[in-house]
Each structure stands twice: as structure tokens, then as C-alpha cells.
Amino acid sequence: MNRIKIALFFILIYAGLNAQINEIGIFSGGANYIGDVGPTTYIAPNDLAVGFIYKWNRSTRHTYRFSYTFGKISSNDLDADVADRQLRGFHFKNTVHEVSAGMEFNFFEFDLHSLKSQFTPYVYTGLSYFLYKELYYTDNKASVDNQQGSLAIPMIVGLKAKLTRDLVAGVEIGARFTFTDNLDGSNPKNENLSSLQFGNINSKDWYMFTGFTLTYTFGENPCFCPE
């Protein structure tokens, strides 16, 4: 009896996996940061961001999404619209290596089993973990202390459409609320550098990825239609 239960369990898993459709593709666009250095414009991509995306479509409305994204971020006080920042004159460059997992929700039915043209707005959230360089300032210049990791909450809105039977294209804007205040060197973790803190140390940094996605669908098409 136990062997039969185990066999049925794996049969159900196999059937479930084959009842879905997969997507794999790329993200390409720009990145920007919001914090204690430079301008505070939220959507202002000024550096490169690229990545890979995998999606497992649970239904026509819900998709599990996993991604890796690399982005460069930088900012300069001279570009700020605040006089105090312009006088300070700090500037920095950093990199972000992000892995993310979560749920994508489609506002309209998006049935990849259908051959008809389709589009839908969507939102995505979940949890991200990213690596970045710990910075600190000496003589108005940002230096690297070490590499650190932190968590972030992604909040993405986008629009996607089927281009062909197997290709889906999208455009999206994604904010990441991070759990660190030192993407810019304003609040180094190193206790020996605590005297170099500046800005609002009670406010966390943000970074944004804005760009385009292109995914290829594969696997057995699901039947989302009612029986």
C-alpha cells in the first residue's frame, strides 16, 4: 500500500509539472538608485541592467517567477536639485547582483495555450537577495570596504503581450526597497568607519530596474479551459 501511495504521489507531481507551461528569457534596460547622494528622481535609469528570467505559469492569472539581474548604479551630488548636496559634491559607483523569487499576477486572462493575440498589465512582488559593495568616503571619494549581501522587496508593474506562438515581450518598471542604507557609502557597517556616516541613517536605500523582457515559451501547453 505504501508503494502505491508513493507511486501515485510521483505520478501527480509529474502530471502537475506537465500541466504547466514554462518561459525563459532575458531582461534588458537601465538601473538607478535613490538615497542620500545625488538626485531623488525615482524613475531615471542612467546605468546598465541585464538579467535572466524563468517563469512557471500556474494559471492564466498567476505565474511563479525567478530571476537574476545585474545592474550598475551610480549618482552624483552635482546632479541633485538640493543645494546642500550640490555643495557637498559626493559621488559613487556600485554594482548589484540580484536573485529574486515571487509571484506575478496578470490583470487580464493571459492564456499561452491560445493562439490568439493577447496582452495584459501585470504586477510582481516577492523577495530578493542581492550583493553589493560596502562603501565609505574619504576626501569626497567613495572607496570600497568589502562586499555585503542584503534583502530587498521588489515591486514591479509591467505590460506584456504575445508576439508569436512562442515569444512574449514585455516592458516593466521595478522598484526595490532594500534593507541596507549603504549602497551609496552613507552608512558603512564597519564600526571603525561609523564616524563617516552622513545623511538620513534611518532611511533605507532604493534601486530601480526599468526595461524590456523577452521570453520563449516551452513545455506542454496547459489547458486552462473549464472541463
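Thresholds applied
- Within each chain, residue numbers correspond to sequence positions counted from 1 in written order.
- Thresholds applied to this predicted model are a pLDDT of at least 70 for local features of residues and 80 or more for the giving and counting of side-chain atom pairs; totals over whole chains, interfaces and linings are not thresholded and use all residues.
- Derived side-chain values reflect all non-hydrogen atoms in the structure, with water molecules and hydrogen atoms excluded from consideration.
- Strand pairing is assigned whenever DSSP identifies at least 2 bridges connecting the two strands.
- The way it works is that DSSP assigns letters per residue, a run of H or I at least four long becomes a helix, a run of E at least two long becomes a strand, and they are numbered from the N terminus.
- Here an axis means a line fitted to C-alpha atoms, over the contact stretch when the element is a helix, while the angle between two N-to-C directions is reported on a 0 to 180 degree scale.
- By nonpolar core is meant a set of buried Ala, Val, Leu, Ile, Met, Phe, Trp, Tyr and Cys residues that side-chain atoms within 4.5 Å join together.
- In this scheme, a residue with accessible area under 20% of its type's maximum is buried, one over 50% is exposed, and one in between is partly exposed, where area comes from a 1.4 Å probe on protein chains only.
- Whether two residues are in contact is decided by their heavy atoms, any of which lying within 4.5 Å being enough.
- Throughout this description, a polar contact denotes any pair of N or O atoms lying within 3.5 Å of each other; where both atoms belong to protein, one of them has to be capable of donating a hydrogen while the other can accept it, and for residues adjacent in sequence the pair is counted only when both atoms sit in side chains.
- When the centres of two rings from Phe, Tyr and Trp lie within 6.5 Å, Trp using its six-membered ring, the rings pair. Their planes under 30 degrees apart give stacked, over 60 give edge-to-face, and anything left gives tilted.
- In this scheme, the term charge over a ring applies when either NZ of a lysine or CZ of an arginine sits within 6 Å of the ring centre and within 35 degrees of the ring normal.
- The method works on a 1 Å grid over the protein atoms by themselves. A cavity is a set of points holding a 1.4 Å probe that cannot get out, a pocket is an open set with protein on both sides within 12 Å along at least five of seven lines, and residues with an atom within 4 Å of a point line them.
- Grid points are joined across faces, edges and corners, and a volume is the space filled by probe spheres set on the points.
- The classification used treats Ala, Val, Leu, Ile, Met, Phe, Trp, Tyr, Cys and Pro as nonpolar, Asp, Glu, Lys and Arg as charged, and all other residues, Gly among them, as polar.

(A) Main features of the sheet that holds strand β4 (residues 91–106). Taking strand neighbours around the barrel as the criterion, the eight strands line up as β1-β2-β3-β4-β5-β6-β7-β8 in a closed arrangement whose pairing is antiparallel. Taken over all neighbouring pairs, the strand axes of this sheet differ in orientation by 20 degrees on average, direction set aside. Sheet topology places strand β6 (residues 141–162) next to strand β7 (residues 167–178); 11 bridges connect them, and they run antiparallel. By the bridge assignment, lysine 162 is partnered in β7 with valine 168.

(B) Spatial organisation of the pairing of strand β8 (residues 206–218). With 13 bridges joining them, strand β1 (residues 21–34) and β8 adopt antiparallel strand pairing. Paired with isoleucine 24 across the strands is tyrosine 216, a residue of β8. Pairing analysis gives 11 bridges linking β7 to β8, with the strands arranged antiparallel. The residue of β8 that forms the bridge with glycine 170 is threonine 213.

(C) A look at the nonpolar core. Grouped together as the largest cluster of nonpolar side chains are 19 residues, with contacts concentrated most on Val37, Ile73, Phe92, Phe130, Leu183, Tyr207 and Phe209. For this core, the secondary structure elements donating two or more residues are β1, β2 (47–57), β4, β5 (119–138) and β8. Setting aside chain neighbours within four positions, we find leucine 183 in contact with Tyr33, Ile73, Phe92, Asn94, Phe130, Tyr132, Leu135, Thr178, Asp205, Trp206 and Tyr207.

(D) Quick look at the side chain of asparagine 22. Of note, asparagine 22 is situated in strand β1. Side-chain polar atoms of asparagine 22 contact the side chain of tyrosine 54, separated by 2.5 Å. When neighbours within four sequence positions are excluded, asparagine 22 is seen to be in contact with Tyr54, Lys55, Trp56, Tyr216, Thr217, Phe218 and Gly219.

(E) Region of the structure containing the packing of aromatic side chains. Tallied over the full model, the rule gives 15 aromatic pairs. Relative to tyrosine 64, the ring of tryptophan 56 has its centre 5.4 Å away and its plane inclined at 20 degrees; by these criteria the two rings are stacked. When its relative accessible area of 31% is taken as the criterion, tyrosine 64 is described as partly exposed. The interplanar angle of 65 degrees and the centroid separation of 5.9 Å between the aromatic rings of phenylalanine 177 and phenylalanine 179 together place this pair among those described as edge-to-face. In textbook terms, an aromatic cluster arises when at least three aromatic residues are bridged by ring pairs, as seen for Phe27, Phe130, Tyr132, Tyr207 and Phe209. Its guanidinium or amino end placed over the ring of tyrosine 124, arginine 65 lies 4.8 Å from that ring's centre, counting from NZ or CZ. The residue whose ring lies beneath lysine 160 is tyrosine 122, and the NZ or CZ to ring-centre distance is 5.3 Å.

(F) Quick peek at empty space enclosed by the protein. Enumeration over the complete set of coordinates arrives at one cavity of 30 Å³ or more. Empty space within the largest cavity amounts to approximately 60 Å³. At the level of elements, β3 (62–76) and β7 are the ones that each hand at least two residues to the lining of the largest cavity. In terms of residue count, the dominant contributor to the lining of the largest cavity is β3 (three residues). Its residues assigned to classes, the lining of the largest cavity comprises three nonpolar, two polar and four charged.

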